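Chains, contacts and geometry: an overview
Residues per chain are reported as follows:
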Amino acid sequence: MKIAKLVGRNLGRRKARSVMTVLGVAAALCLLVAVDSLASGLAGALQSEDGARSLVVYRKNRYCPQTSILPEHYGARIAAVDGVESLLPVQVFLNNCRASLDLVVFHGAPPEEALAQRDLRLVAGSLDGYVSERDGALVGRSFAARRGLEPGDRFRFGDVDVRISGVFASSDSTQEGVVLVHLAGLQRAARRLGSVTQFDVRVAEGADPKAVAQRIDALFATAEEPTDTRPKSAHLESATADLVEMLRLGRWLALACLVVVLTLVANTVWMGVQERVRELGVLRAMGFREGHVLRLVLGEAVLLSALGAALGVGGALLVLRFTHISIGTEGIAIPLEADAMVALRGAALALLAGAAAGLLPALQSARRPVVEALHA
Amino acid sequence: MSLIELRGVTRRYTKGEHTVAPLVDVDLDIEAGEFFVLLGPSGSGKTTLLNLLAGIDRPDGGSVVVGGTDVGAGRSKDLARWRAAHVGYVFQRANLVPVLTAQENVEMPLWLTDLPAKERSRRAALALSAVGLLERAAHLPKQLSGGQEQRVAIARAIVADPELIVADEPTGSLDGESAEAVLRLLARLCTERGKTIVMVTHDQHAASYGTRLVRLEKGQLTAVEVAPR
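Everything numeric here is computed off the predicted structure, so don't read it as measured data.

Structural notes on the overall build of chain B
Looking only at helices and strands, chain B features seven helices and 10 strands. For chain B, the C-alpha radius of gyration of 17 Å lies close to 17 Å, the compact-globule estimate for 229 residues. In terms of overall dimensions, chain B has a C-alpha envelope of 45 × 40 × 40 Å along the principal axes. For chain B, long-range pairs separated by at least 24 residues make up 68% of all intrachain contacts whose partners lie at least 6 apart in sequence. As displayed, chain B has an accessible area near 10000 Å², and 48% of this comes from carbon and sulfur atoms.

So this is what it looks like as structure tokens:
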């Protein structure tokens, strides 16, 4: 505690330098947390609980909802396939098939079936308007927060004009970025009457999802619009492949952030100890041991990075919490999930980088002969 | 037995291609309670000798025994512990930590003890009181004059109640009045508290406060007669 008092005061000697270092560390940590949040969001989306028993029937060789067009009447034949428990025809309408920070995704589906098949928990408003009114809609929690939508609001996008009946949460994070509307209304707005983008299939308990997928695809193998049926997790993996690539780049950026933290802190601490070589020598002459000097200098490095981490991680958490940023591709919105683990990981990495940055100047200061330090 | 015993002490430095030996086979005894003054020209090895006594440097040959401890041997951390308990060092400049108050600066050597905060604070206040600066306890070094800073440094040197106080030209950067105050303070510590003072100076007036004067020149010590003050 006694050394800690000096650690804190020492950072106040060159306030501007310390503040700039802390801000630099904070900026780097903000970026690092953003990348980690995307990784966490992506991992969460791909590890959806019901992924194992859910299949997505898509148009073969199509990779974007705007080009996947299947006749709606396929539904009846798919529902009759052995092992299919339930089926949800879904028309997807979106503003952008490529990677986007402001993805708007409408899922048009029969309301009762959507409520039965999807894991939705109403957090505001009511279901009545959605079920009974043709322009009723439910919006996912993160989309509502991002767009500032509340029950009773109207939301218009292109030719789609809906009234928000309620806001829902879901254990499937990708659902929380979706606007759920009536199938017929969306088909009209998208000028795709009689067709859907995909069928969400629920496999019966005990049935082999792979075998069910093969049976479905075999039904339409020679049709004009052949299907490609995959487990939901595989479908998501395929749809988010671009994001995974971006994430790979993001991880390099995160590594660069850590190097920035290390360099900033090392530079500041190094300059700090160079300016007071004699003072550290006086401490040693007084009886302070090498370990005390080591702790003092390391403490300064760790405190700088801790302040930066607190500011950067805290700032990133606040921004992500209140803006509900998500990144979408091919109609799948991946929320940036900054949970406690992401925060702890960011802070721990910053502290480790700070300690590593302070190690060399700390060792050099601690091991410098006292007489040499006093003559500096 | 003397408080300080130097036997056959040699200290050499390498400067570039040359080896300098400011101390060659030096023998010296200093009794407890002495105000010992070391005189000599610049570069004669006065500070080197002081550093050896304070246990922050080691001889290349011979032994330096202070209060029964061979301070030329032992591990670095053991010597640091020994210094904290037995030596107070006063430098030419006060070398106070600029971000700590006078009280906190004085308290620093006590950080190395197990004393509770209250007791540390009490002892620091006593030390500041002894140098006449208790009312300046909350001031930062930049708010003190040069003489006051040096007195705070003396308070820092005595706060842990060491037997030995080494002072390396403690008045070298002070004006006449401040220098006089510092010298009187050191003399009082010697006469009233029984501290052993070893002071390096090249100022004859400062030297006149000593009870024994020795000149160091060309690696050898020679006694100097003390003129009565």
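Structure shown, so let's carry the discussion forward.
Structural notes on the packing of helix H11 (residues 277-286) of chain A against helix H12 (residues 290-323) of chain A
Residue and element names in this part refer to chain A. In contact at an axis separation of 9 Å, H11 and H12 are set at 145 degrees when each is read in the N-to-C sense. The chirality of how H11 crosses H12 is right-handed. Along its contact with H11, which presents Leu-280, Leu-283 and Arg-284, the element H12 presents Glu-290, Val-293 and Leu-296. For the contact of H11 with H12, the residue count by class is four nonpolar, no polar and two charged.

Some remarks on the sheet that holds strand S4 (residues 61-66) of chain B
Residue and element names in this part refer to chain B. Taken in spatial order, the four strands line up as S2-S1-S4-S5 in an open sheet, and their pairing is antiparallel. Since the sheet does not close on itself, it has two edges, and those belong to strand S2 (18-30) and strand S5 (69-70), each with one partner. Its contacts with the sheet put helix H1 (residues 46-54) on strand S1 (4-15), S2 and S4, and the angle it makes with S1 is roughly 125 degrees.

Details of the pairing of strand S1 (residues 54-59) of chain A
Residues and elements named next belong to chain A. Counting buried residues in S1 gives six out of six residues, a clear majority hidden from the surface. Two strands pair when backbone bridges link them, and S1 and strand S11 (residues 198-203) are joined in this way by four bridges, in the antiparallel orientation. Paired with Val-57 across the bridge in S11 is Phe-199. Looking at chain direction, S1 and strand S12 (residues 227-231) are connected through five bridges and run antiparallel. For Tyr-58, the partnering residue across the bridge sits in S12 and is Asp-228.

Some details on the packing of aromatic side chains
In this description, a pair of aromatic rings is defined by centroid distance and the angle of the planes. Residue and element names in this part refer to chain A. Applying the stated criterion across every chain yields a total of seven aromatic pairs over all chains. Ring centres 6.2 Å apart and planes at 45 degrees place the aromatic pair Phe-93 and Phe-106 in the tilted group. In this pair, Phe-93 sits in strand S3 (residues 84-94) while Phe-106 sits in strand S4 (residues 105-108), placing the two residues 13 residues apart along the sequence. Its relative accessible area of 21% is what places Phe-93 among the partly exposed residues. For the ring pair Phe-106 and Phe-157, a centre distance of 6.3 Å and an interplane angle of 40 degrees mean the geometry is tilted. Remark: Phe-157 occurs in strand S7 (residues 154-157) and Phe-106 occurs in strand S4; sequence separation between them is 51 residues. The exposure class assigned to Phe-106 is buried, which follows from its relative accessible area of 0%.

Here is what the cut-offs are and how they apply
- Residues numbered from 1 in each chain as written.
- Chains lettered and ligands numbered in written order.
- Predicted model: local features only at pLDDT ≥ 70, side-chain atom pairs only at ≥ 80, totals over all residues.
- Heavy atoms only, no water.
- Helix = DSSP H or I, 4+ residues; strand = E, 2+ residues; numbered from the N terminus.
- Rg over C-alpha atoms; globule rule 2.2 N^0.38 Å.
- Contact = heavy atoms within 4.5 Å.
- Areas by Shrake-Rupley, 256 points an atom, 1.4 Å probe, with all protein chains shown as cover.
- Axes fitted to C-alpha atoms, helices over the stretch in contact; angles between N-to-C directions.
- Left-handed = near helix turned anticlockwise from the far one by under 90°.
- Nonpolar A, V, L, I, M, F, W, Y, C, P; charged D, E, K, R; others polar.
- Pairing = 2+ DSSP bridges.
- Buried < 20%, exposed > 50% of the residue type's maximum accessible area, 1.4 Å probe, protein only.
- Phe/Tyr/Trp six-rings, centres within 6.5 Å; stacked < 30°, edge-to-face > 60°.

Everything listed here is a matter of coordinates, which is why it stays silent on function.
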